[in-house]
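The primary structure of each chain is shown beneath.
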Amino acid sequence: MLKQLQSQVLSNRQISADFFELSMRWDKTAGIALPGQFLTIRVSQDSVPLLRRPFAFAGFDEPEQTASIIYQKRGRGTEILCGKQAGESLDVIGPLGNHFPVNDGQGESVAAAGGIGLGPILFLVNYLRERDVPVTFIFGCRNSSYIPDNTAFKTASPNICTDDGSVGFKGNTISYLEQNIKINDKSVLYGCGPEAMLKGLSGFADSVGAASFVSVEQVMACGVGACMGCVVKTASGYARSCKEGPVFSAKDIVWE
Amino acid sequence: MGMSVDLSVKIGSKTLPNPVGVASGTFGYGSEYEELLDLSCAGAIFTKAVTLEPRVGNDIPRIIETPSGMLNSIGLANAGVKKFVSEKMPYLKKLPCAIVANVAGATEPEYIQVVKELEEADGLWGYEINVSCPNVKEGGLAFGTDPGQVERLTSTLRKLTSRPLIIKLTPNVTDITVIARAAQSGGADAVSLINTLVGMVIDVKKKKPVLAAKTGGLSGPAVRPVGVALTYRVSRAVSIPVIGMGGISNADDALQYMLAGASAIQIGTTNFIDPRAPYTVLEGIREYCVGNDIDTVDRLRGIIS
Ligand SMILES: Cc1cc2nc3c(=O)[nH]c(=O)nc-3n(C[C@H](O)[C@H](O)[C@H](O)COP(=O)(O)OP(=O)(O)OC[C@H]3O[C@@H](n4cnc5c(N)ncnc54)[C@H](O)[C@@H]3O)c2cc1C
Ligand SMILES: Cc1cc2nc3c(=O)[nH]c(=O)nc-3n(C[C@H](O)[C@H](O)[C@H](O)COP(=O)(O)O)c2cc1C
Ligand code: FES
């Protein structure tokens, strides 16, 4: 049940070079969030920045009634978000959008996150494992300074790739997949990250006929399906990434 | 206290329950917001543009934030009049608010055909004619920039319907009062304004406009003073009701429009940010009336001389 909430910030801390993790109270009247879904935050009552900012759920604890996001400091909106202190209230709307389909367990699951695509993938990995669906988790970033220092990440046994090789595999997540992961037509791949990565993931899955699901990022105005601003090109025409997405079957997307 | 305020607004032969509407293109078809706002508080829902054929809309990117505003180039994306009637109207007509179809077209016959088909649909309160669209037969210049075209289109549509006919004016003209008078002469029951202002944002790194359509329509708090000034001028140029909009984000903003001469207002971009705004704005207008001993909202209109 999508709702507008005044959610209390429980913690907000820096976890890497420019990643932050914010956890908040989640009122159960707003229902549960699933991996891939997102929320929008009105970071300020001022008219600059104006629009609500979308962020994927990075964690959700139903019994504890908490939700978290992992975000990157990018511009004015996320800069304001960095300043939110525990105890402050946040104007949040969610859960929004669709979610990653759960692998039925027939074949191998592989979930890859590039950079700030981490949040929804981390949530998915934990969610699948809680349901006894084994999944290989891959995280790629520029260098060691971007590797998040938070428990959820460290306990999720990530296979780390860095562009400069300062930690783990040297290269991006797609090279890692190609060199280290064997998949077949029963495998399910999941991805969130830069467009080039999602496209690469899609190609890698297609090469053996595996399914792949990716979460895309488009600038949004309403986040609820009303404005038609956030569309992505799919085989069957434009689709709203906030409503029909943000998760799409990668083969349905018409890449630029 | 407890003074009751008459909030109703007369337009043509009909009455809106209250002066607060939600603007075309910013509220989808109502259902998108049903979990975030008690829709019964809205006086009217102005739908996304309805065209004869389905329109996919413009290329992406379609939106970019600007200082206290946003640019959009959605491009009238909608499923066409037939689907509007079969898929959107069944939900909309059950709502207690007035449902106003925002009608757009590329040629005069297209507007005519859309209105004819909508006349068959019950539960529709009236029409808001979006004349900001380029007229493909007239070299792509927007209908709404030429008083002759506006008057002709209005009088043609007037003959097709007894429902309230509202002409939505574009601010992208030299003298909006001339266009407003043309709508009145054509038989419009009201004019609404402002549609978005043409704007452009350039990405200097990529050396190209951010929006795929290059230009887009500016909306949000940044345009409010423009909308208020044009409402002030138009309401003095015509005797039909004026529905004001542009950057309304709270009751004070709405009151500025009403004091300037608007009979009713619409909330647009603010729905994206604060979906409860129609409710808080209406309550704020009511409180203001009570505080100023005004028993009917119509008395707010044009208090500013
Ligand atoms: C479904 C979805 C999920 C997302 N999940 C996350 C996440 O988990 N963590 C994270 O760090 N970021 C996420 N983002 C991106 C995040 O919304 C932007 O980083 C944020 O809005 C930037 O705001 P800003 O004011 O700091 O930056 P700005 O200076 O406004 O913009 C910096 C860049 O952020 C993007 N952006 C700006 N406004 C929006 C908007 N309204 N909608 C979407 N993108 C925008 C643009 O690409 C822009 O170039 C997600 C975006 C979407 C659409
Ligand atoms: C995303 C978006 C889509 C819009 N689509 C339409 C439309 O289809 N027809 C129309 O007449 N106006 C449309 N408008 C204009 C609004 O109805 C309104 O006139 C304008 O945004 C100014 O009001 P605001 O500042 O409160 O948003 C649209 C505006 C936005 C932001
Ligand atoms: S952001 Fe408005 S339709 Fe998706």
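Residues numbered from 1 in each chain as written. Chains lettered and ligands numbered in written order. Predicted model: local features only at pLDDT ≥ 70, side-chain atom pairs only at ≥ 80, totals over all residues. Heavy atoms only, no water.

Asker: Provide a residue-level description of the site of ligand 2, including the pertinent values.
Answerer: Residues and elements named next belong to chain B. Among the 23 residues in the neighbourhood of ligand 2, the closest are listed as Ser 24, Lys 168, Gly 220, Gly 247 and Thr 269. Between ligand 2 and the protein, one listed contact pairs an oxygen atom with a backbone N or O atom of Ala 49 at 3.3 Å. In this structure, Lys 168 approaches ligand 2 through a side-chain N or O atom, which is 2.8 Å from an oxygen atom. Summarising the interface, the protein chains cover 98% of the accessible area of ligand 2, which totals 610 Å² for the free molecule. (Near = heavy atom within 4 Å. Polar contact = N/O pair within 3.5 Å; in protein donor to acceptor, adjacent residues only side chain to side chain. Areas by Shrake-Rupley, 256 points an atom, 1.4 Å probe, with all protein chains shown as cover.)

Asker: Before we move on, can you summarise the interface of chain A and chain B with the specific residues and values?
Answerer: Counting from both sides, the interface comprises 28 residues of chain A and, opposite them, 29 residues of chain B. Here chain A and chain B share an interface that buries about 2400 Å² over both sides, 63% of which is from carbon and sulfur atoms. Area buried by chain A at its contact with chain B is led by Leu50(A), Ala226(A) and Tyr238(A), which between them contribute 25% of it. Arg53(A) is the salt-bridge partner of Glu65(B), the closest N and O atoms lying 2.7 Å from each other. The interface formed by chain A and chain B holds seven residue pairs in polar contact (both at pLDDT 80 or more) in total. Of all elements in the fold, only β1 (3–14), β14 (231–234) and β15 (237–240) of chain A reach the threshold of two or more residues within the side of chain A that touches chain B. By residue class, the composition of the side of chain A that touches chain B is 18 nonpolar, five polar and five charged. (Contact = heavy atoms within 4.5 Å. Buried area = accessible area lost by both parts, 1.4 Å probe. Salt bridge = Lys/Arg side-chain N within 4 Å of Asp/Glu carboxyl O. Helix = DSSP H or I, 4+ residues; strand = E, 2+ residues; numbered from the N terminus. Nonpolar A, V, L, I, M, F, W, Y, C, P; charged D, E, K, R; others polar.)

Asker: Could you give an account of the packing of helix α1 (residues 81–92) of chain B against helix α2 (residues 108–119) of chain B, with specific residues and numbers?
Answerer: Residue and element names in this part refer to chain B. For the pair α1 and α2, the least separation of the axes is 9 Å and the interaxial angle reads 25°. Considering the angle they form, α1 stands roughly parallel to α2. As for how α1 packs across α2, the hand of that crossing is right-handed. Residues Val 81, Lys 82, Phe 84 and Val 85 of α1 touch α2, and the partners they reach there are Val 114, Glu 117 and Leu 118. Its residues assigned to classes, the contact of α1 with α2 comprises five nonpolar, no polar and two charged. (Axes fitted to C-alpha atoms, helices over the stretch in contact; angles between N-to-C directions. Parallel < 35°, antiparallel > 145°, perpendicular 65-115°, else oblique. Left-handed = near helix turned anticlockwise from the far one by under 90°.)

Asker: Could you give an account of the site of ligand 1, naming the residues involved and the relevant values?
Answerer: Residue and element names in this part refer to chain A. The full set close to ligand 1 counts 19 residues, and Pro 54, Gln 72, Arg 74, Gly 77 and Thr 78 are the nearest of them. One of the backbone nitrogen or oxygen atoms of Gly 77 is found 2.7 Å away from an oxygen atom of ligand 1. Measuring from an oxygen atom of ligand 1, one finds a side-chain N or O atom of Thr 78 at 2.4 Å. For the shell around ligand 1, the elements supplying multiple residues, two or more each, are β4 (53–56), β6 (66–72) and α1 (76–82). When residues of the shell around ligand 1 are assigned to their parent elements, the largest contribution, four residues, is made by β4. Broken down by class, the residue content of the shell around ligand 1 amounts to nine nonpolar, five polar and five charged. Per-domain counts for the shell around ligand 1 show at least three residues from each of domain 1 (3–96) and domain 2 (109–252). (Domains from an automatic or database assignment.)

Asker: Residue-level account of the sheet that holds β6(A), with values.
Answerer: Residue and element names in this part refer to chain A. Taken together, seven strands build an open sheet; the order of strands is β4-β3-β7-β1-β2-β6-β5 and the sheet is antiparallel. Whereas interior strands pair on both sides, the edge strands pair on one side only; in this sheet they are β4 and β5 (59–61). Adjacent strand axes in the sheet meet at a mean angle of 35° when their direction is disregarded. Where strand β2 (residues 19–25) and β6 come together, seven bridges link them in antiparallel fashion. Across the sheet, residue Ser 23 finds its bridge partner in β6, namely Ser 68. Seen against the sheet, helix α2 (residues 118–130) touches β4, β5 and β6 and runs at an angle of roughly 140° to β6. (Pairing = 2+ DSSP bridges.)

Asker: Describe the sheet that holds strand β7 (residues 98–103) of chain B, with residues and values.
Answerer: The parallel closed barrel is built from eight strands, whose spatial order is β3-β4-β7-β8-β9-β10-β15-β16 (chain B). If you compare each strand with its neighbour and ignore which way they point, the axes differ by 25° on average.

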